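# Fold and contact review
This is what each chain is made of:
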Amino acid sequence: MKIKIVWIGKTKEPAIQALTDEYLKRISRYVQVEGISRRDETALLEMCGHCRSGAKSTLVLMDSRGKEYSSEGLARFLGDYQERNSTPLVFAIGGADGFGAEVRTAAQQVISLGKLTLAHELARVVLLEQIYRAFTILKGHPYHSGH
């Protein structure tokens, strides 16, 4: 399984980049993972292969209007995906204005990190931590048991 975490725009805060790097490193113990910055939504769609002959990945948008998961639910989602799919799983975090209609149409799933509105750079860190937590749940690692 390969996971790509994609965000629109450049990272402005060094602390966000440091946390991004740390969680990407932690996740890489369990699965292939890559953090990718894209300049805009068109570049995101091109990367996912949704502009041409069929999808070459599964696109999951992070949006407050999406489906909410518990940490255990996200772990089940990732575990099921890992068992049933060979294409990369792409989690996309939009810019400050969210996603446009074309990206929403291309997405196979929309997931919410909760009802709170988060700055897009902070949402990236929360997503990364939850993906790491999900894999520790799947592998029985004690990281999650202290919640």
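Please refer to the structure higher up on the page.
Notes on the structure follow. (Residues numbered from 1 in each chain as written. Predicted model: local features only at pLDDT ≥ 70, side-chain atom pairs only at ≥ 80, totals over all residues. Heavy atoms only, no water.)

## A look at a nonpolar patch on the surface
- Residues Leu113, Leu116, Leu118 and Leu122 make up a contiguous nonpolar surface patch of about 360 Å² in total accessible area.
- Among the secondary structure elements, Leu116 is positioned in the loop between β5 (109-112) and α5 (120-139). (Patch = residues over 30% accessible without salt bridge, like charges linked within 9 Å, V, L, I, M, F, W, Y side chains within 5 Å. Areas by Shrake-Rupley, 256 points an atom, 1.4 Å probe, with all protein chains shown as cover. Salt bridge = Lys/Arg side-chain N within 4 Å of Asp/Glu carboxyl O. Helix = DSSP H or I, 4+ residues; strand = E, 2+ residues; numbered from the N terminus.)

## Examining the packing of aromatic side chains
- Inspection of the entire model under this criterion finds five aromatic pairs.
- One aromatic cluster is present, built from ring pairs that chain together Tyr23, Tyr30, Tyr132, Phe135 and Tyr143.
- Its guanidinium or amino end placed over the ring of Tyr132, Arg26 lies 5.4 Å from that ring's centre, counting from NZ or CZ.
- Against the face of Trp7 rests Arg124, its NZ or CZ located 3.8 Å from the ring centre. (Phe/Tyr/Trp six-rings, centres within 6.5 Å; stacked < 30°, edge-to-face > 60°. Lys NZ or Arg CZ within 6 Å of the ring centre and 35° of its normal.)

## Considerations on the sheet that holds strand β3 (residues 58-68)
- With parallel pairing, the five strands of this open sheet are ordered in space as β2-β1-β4-β3-β5. The sheet is open, and its two edges are formed by β2 (32-38) and β5, each paired on a single side. Going across the sheet, the axis of each strand differs from the next one's by a mean of 30°, ignoring polarity.
- Pairing analysis gives five bridges linking β3 to strand β4 (residues 89-93), with the strands arranged parallel. Of the residues in β4, the one forming a bridge with Met62 is Ile93.
- Against the sheet, helix α2 (residues 41-48) touches β1 (2-8), β2, β3 and β4, its axis set at about 165° to β1.
- This element, α5, spans β1, β3 and β4 of the sheet and lies at about 170° to β1. (Pairing = 2+ DSSP bridges. Axes fitted to C-alpha atoms, helices over the stretch in contact; angles between N-to-C directions. Contact = heavy atoms within 4.5 Å.)

## Quick look at the pairing of β4
- The element β4 is extensively covered by neighbouring structure, given that five of its five residues are classed as buried.
- Both β1 and β4 contribute to a ladder of five bridges, which runs parallel. Counted as the bridge partner of Val6 is Ala92 from β4.
- Handedness of the crossover joining β3 and β4 through helix α3 (residues 71-84) is recorded here as right-handed. (Buried < 20%, exposed > 50% of the residue type's maximum accessible area, 1.4 Å probe, protein only. Right-handed = clockwise from strand over helix to strand, strands pointing away.)

## Brief notes about the environment of Glu102
- Note that Glu102 resides in helix α4 (residues 101-106).
- Through-space distance from the C-alpha of Glu102 to that of Thr42 is 8.9 Å; in sequence the pair is 60 residues apart.

## So, the pattern of salt bridges
- Evaluated as defined, the whole model comprises seven salt bridges.
- One salt bridge connects Glu34 with Lys2, and the closest N-O pair in it is separated by 3.3 Å. Of the two residues, Glu34 sits in strand β2 while Lys2 sits in strand β1, which places them 32 residues apart along the sequence.
- One salt bridge in this structure joins Asp40 and Arg39, with 3.8 Å as the shortest N-O distance.
- When its relative accessible area of 28% is taken as the criterion, Asp40 is described as partly exposed.
- Its relative accessible area of 64% is what places Arg39 among the exposed residues.
- The network of salt bridges with common partners includes Asp63, Arg65 and Arg104.

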